[in-house]
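Residue-level listing of the chains:
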Amino acid sequence: MEVKVFSIKGEEIKAINLDDAVFNCEVSEGTIYYAINNELANMRLGTASTKNRGEVKGSGAKPWAQKGTGRARAGHKRSPLWIHGGVIFGPRPKDYSYKMPKAMKQNAMKSILSLKNKNNSLKVVEDFTVESGKTKDIAAILNNLVKKERTVLILKDNDSIIKRAGKNIPWLSFLSYDRLRAHDLFYGKNILLMESAALKLNDFYGKKQQEAAE
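The structure contained in this document is the topic of the report that follows. All values derive from a computational prediction rather than experimental measurement. (Residues numbered from 1 in each chain as written. Predicted model: local features only at pLDDT ≥ 70, side-chain atom pairs only at ≥ 80, totals over all residues. Heavy atoms only, no water.)

**What about the overall build of the protein?**
Here is step 1: Secondary structure assignment for the protein yields eight helices and six strands.
Here is step 2: On C-alpha atoms alone, the protein measures out to a radius of gyration of 27 Å, which is more than a quarter above the 17 Å that the 2.2 N^0.38 rule sets for 214 residues.
Here is step 3: In terms of principal-axis extent, the alpha carbons of the protein reach across some 95 × 45 × 25 Å.
Here is step 4: By residue count, 39% of the 214 residues in the protein fall in the buried class.
Here is step 5: Contacts in the protein between residues at least 24 apart in sequence constitute 69% of all its contacts with a sequence separation of at least 6. (Helix = DSSP H or I, 4+ residues; strand = E, 2+ residues; numbered from the N terminus. Rg over C-alpha atoms; globule rule 2.2 N^0.38 Å. Buried < 20%, exposed > 50% of the residue type's maximum accessible area, 1.4 Å probe, protein only. Contact = heavy atoms within 4.5 Å.)

Printed below as a string of structure tokens:
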């Protein structure tokens, strides 16, 4: 498929071909759902913890005699039924992360890119950088391309200068073409795709990659 390429001034300058297998494939809502859930699960720290009856402070001596006092039976002060006692079935440290099949994850990324392309939320822009590293310079470029909405800029490499320039813009985030995140892509109102990154995605997720995997 052929898409337009925009300059940093927001003008159409040329057109390039993108792989239909990446940017115009059938959207799989199920794989998108599982990919987002996988990323959120992997981000969970799982550090919530409570103390059981064996970990809280307190005497292990029997508070009073088993019978004859008229009070309820009590074994020790660390009982979960007592104030400052242990917690029954409370949360313990846990690892929530899990691996998602590679083919399913790739299908999710292609589905999101295709969905954004069909919704006209994806725009290819010529390669640029911000040599000054200043926020005002990259903000001026973004004003020509998108509204001040949640925007994801996909780069062909780890451009630290452009990331430094955009780190103070709260609605802007950066991704590399080979390290996409389903959550950021799906919830981004606008996807800005650098031209070189678009061509890289053709090879990374396209038919050539599928044939090599087979």
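**What about the sheet that holds strand E4 (residues 151-155)?**
Here is step 1: Pairing is mixed across the open sheet formed by six strands, whose spatial order is E2-E1-E3-E6-E4-E5. At either margin of the open sheet sits one strand with a lone partner, and together these are strand E2 (12-17) and strand E5 (172-176). Along the sheet, successive strands turn relative to each other by an average axial angle of 35°, direction set aside.
Here is step 2: Across two bridges, strand E1 (residues 2-6) lies against strand E3 (residues 122-125) in parallel orientation. Considered in E3, the bridge of Val5 is made with Val124.
Here is step 3: Strands E1, E2, E3, E4 and strand E6 (190-194) of the sheet are contacted by helix H7 (residues 195-205), whose axis makes an angle of about 85° with E6. (Pairing = 2+ DSSP bridges. Axes fitted to C-alpha atoms, helices over the stretch in contact; angles between N-to-C directions.)

**Comments concerning helix H4 (residues 135-145)**
Here is step 1: Inspection of H4 places Ile138, Ile141, Leu142 and Leu145 among the buried residues, and these make up the whole buried set. Buried residues of H4 fall within an arc of 100° about the axis and therefore sit on the same side.
Here is step 2: Of the surrounding elements, those touching the buried residues of H4 are E1, E3, helix H5 (160-166), E5 and E6. (Arc of directions from axis to C-beta.)

**Considering unusual backbone geometry**
Here is step 1: In this structure, His84 takes a positive phi of about 70° despite not being glycine.
Here is step 2: By the secondary structure assignment, His84 is in the loop between helix H2 (29-43) and helix H3 (102-118).
Here is step 3: Looking at His84, the relative accessible area reads 71%, which means it is exposed.
Here is step 4: Located in the positive-phi region is Phe89, a residue other than glycine, with phi close to 55°.

**A short note on the environment of Asn168**
Here is step 1: With respect to the helices and strands, the residue Asn168 is situated in the loop between H5 and E5.
Here is step 2: Under the relative-accessibility criterion, Asn168 is labelled exposed at 55%.
Here is step 3: Once the C-alpha coordinates of Asn168 and Tyr205 are considered, the two residues, 37 residues apart in sequence, prove to be 31 Å apart.

**Quick look at the pattern of salt bridges**
Here is step 1: Taken as a whole, this structure holds five salt bridges when the rule is applied.
Here is step 2: The residue Glu12 makes a salt bridge to Lys4 at a minimum N-O spacing of 3.4 Å.
Here is step 3: Arg92 is paired through a salt bridge with Glu55; the nearest N and O atoms lie 3.1 Å apart. Placement of the pair is Arg92 in the loop between H2 and H3 and Glu55 in the loop between H2 and H3, with a sequence separation of 37 residues. (Salt bridge = Lys/Arg side-chain N within 4 Å of Asp/Glu carboxyl O.)

**Some thoughts on a nonpolar patch on the surface**
Here is step 1: Among the surface-exposed residues, Tyr33, Tyr34 and Met104 lie close enough to one another that they form a single nonpolar patch of about 320 Å² accessible area.
Here is step 2: Mapped onto the elements of the fold, Tyr33 is located in helix H2. (Patch = residues over 30% accessible without salt bridge, like charges linked within 9 Å, V, L, I, M, F, W, Y side chains within 5 Å. Areas by Shrake-Rupley, 256 points an atom, 1.4 Å probe, with all protein chains shown as cover.)

**Looking at the nonpolar core**
Here is step 1: Of all hydrophobic cores here, the largest spans 48 residues; its most connected members are Ile138, Leu153, Ile154, Ile162, Leu180, Leu185 and Leu193.
Here is step 2: Once you skip the residues sitting within four places of it in the chain, Ile162 turns out to touch Phe128, Thr129, Val130, Ile138, Leu153, Leu155, Phe174 and Met194. (Core = buried A, V, L, I, M, F, W, Y, C linked by side-chain atoms within 4.5 Å.)

These values are about where atoms sit, not about what they do.
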